Amino acid sequence: LQEELRVEEGKLANLQKEYKNGQPERQGDEKNYQRYLDRTARLEQEIRSTQENVEILKREVGKLLR
């Protein structure tokens, strides 16, 4: 579980770095602004999901350490 937690925390850090507080850099294929908005929304959802996974894993590790 601890290894899985480290992997999820790393994933979260990478997503947050790419997201840049809601201002991710536009990519070359995002000349259409809607594509940029779609990717930004996808990043937000992935960050929320990964944060939830990290919290769940932290709780599970905490239970095992008691």
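Our structure's up above, just so we're on the same page.
Note that this is a predicted model, so its numbers are computed, not measured. (Residues numbered from 1 in each chain as written. Predicted model: local features only at pLDDT ≥ 70, side-chain atom pairs only at ≥ 80, totals over all residues. Heavy atoms only, no water.)

## Digging into the pattern of salt bridges
Reasoning step 1: A complete count under the given rule lists six salt bridges for this structure.
Reasoning step 2: Here Arg 6 ties to Glu 3 by a salt bridge, and the two come within 3.1 Å at their closest N and O atoms. Of this pair, Arg 6 and Glu 3 both sit in helix H1 (residues 2-19), three residues apart, roughly one helical turn.
Reasoning step 3: Relative accessible area serves as the criterion here: at 49%, Glu 3 is assigned to the partly exposed category.
Reasoning step 4: Linking Arg 42 and Glu 46 is a salt bridge whose minimum nitrogen-to-oxygen distance equals 2.5 Å. Placement of both Arg 42 and Glu 46 in helix H2 (residues 33-65) is noted, with a separation of four residues, approximately one turn of the helix.
Reasoning step 5: A cluster of three or more residues bridged by salt bridges with shared partners is formed by Glu 18, Glu 30 and Arg 39. (Salt bridge = Lys/Arg side-chain N within 4 Å of Asp/Glu carboxyl O. Helix = DSSP H or I, 4+ residues; strand = E, 2+ residues; numbered from the N terminus. Buried < 20%, exposed > 50% of the residue type's maximum accessible area, 1.4 Å probe, protein only.)

## Side note on the packing of aromatic side chains
Describing an aromatic ring pair means giving the distance of the ring centres and the angle of the ring planes.
Reasoning step 1: A complete count under the given rule lists one aromatic pair for this structure.
Reasoning step 2: Geometry around Tyr 36 places Arg 26 over its ring, the cationic atom sitting 5.7 Å from the centre. (Phe/Tyr/Trp six-rings, centres within 6.5 Å; stacked < 30°, edge-to-face > 60°. Lys NZ or Arg CZ within 6 Å of the ring centre and 35° of its normal.)

## Structural notes on the environment of Leu 5
Reasoning step 1: Position of Leu 5 relative to the elements: it lies in helix H1.
Reasoning step 2: With 56 residues separating them along the chain, Leu 5 and Val 61 place their C-alpha atoms 8.7 Å apart.
Reasoning step 3: Those residues in contact with Leu 5 that lie beyond four places of it in its chain are Val 54, Leu 57 and Lys 58. (Contact = heavy atoms within 4.5 Å.)

## Considering unusual backbone geometry
Reasoning step 1: With a phi close to 50°, Lys 20 is a non-glycine residue in the positive phi region.
Reasoning step 2: Look at Lys 20 and you get partly exposed, because its relative accessible area is 37%.
Reasoning step 3: Phi is positive for Asn 21, which is not a glycine, with a value near 55°.
Reasoning step 4: Looking at the element boundaries, Asn 21 is found in the loop between H1 and H2.
Reasoning step 5: Owing to a relative accessible area of 73%, Asn 21 belongs among the exposed residues under this scheme.

## Here we look at the nonpolar core
Reasoning step 1: Membership of the largest hydrophobic core is limited to eight residues, which are Leu 5, Leu 12, Leu 15, Tyr 19, Leu 43, Ile 47, Val 54 and Leu 57.
Reasoning step 2: If you list the elements that add at least two residues to this core, you get H1 and H2.
Reasoning step 3: Beyond its immediate sequence surroundings of up to four residues, Leu 57 is in contact with Leu 1, Glu 4, Leu 5 and Glu 8. (Core = buried A, V, L, I, M, F, W, Y, C linked by side-chain atoms within 4.5 Å.)

The quantities given are spatial measurements derived from coordinates; they are silent on function.
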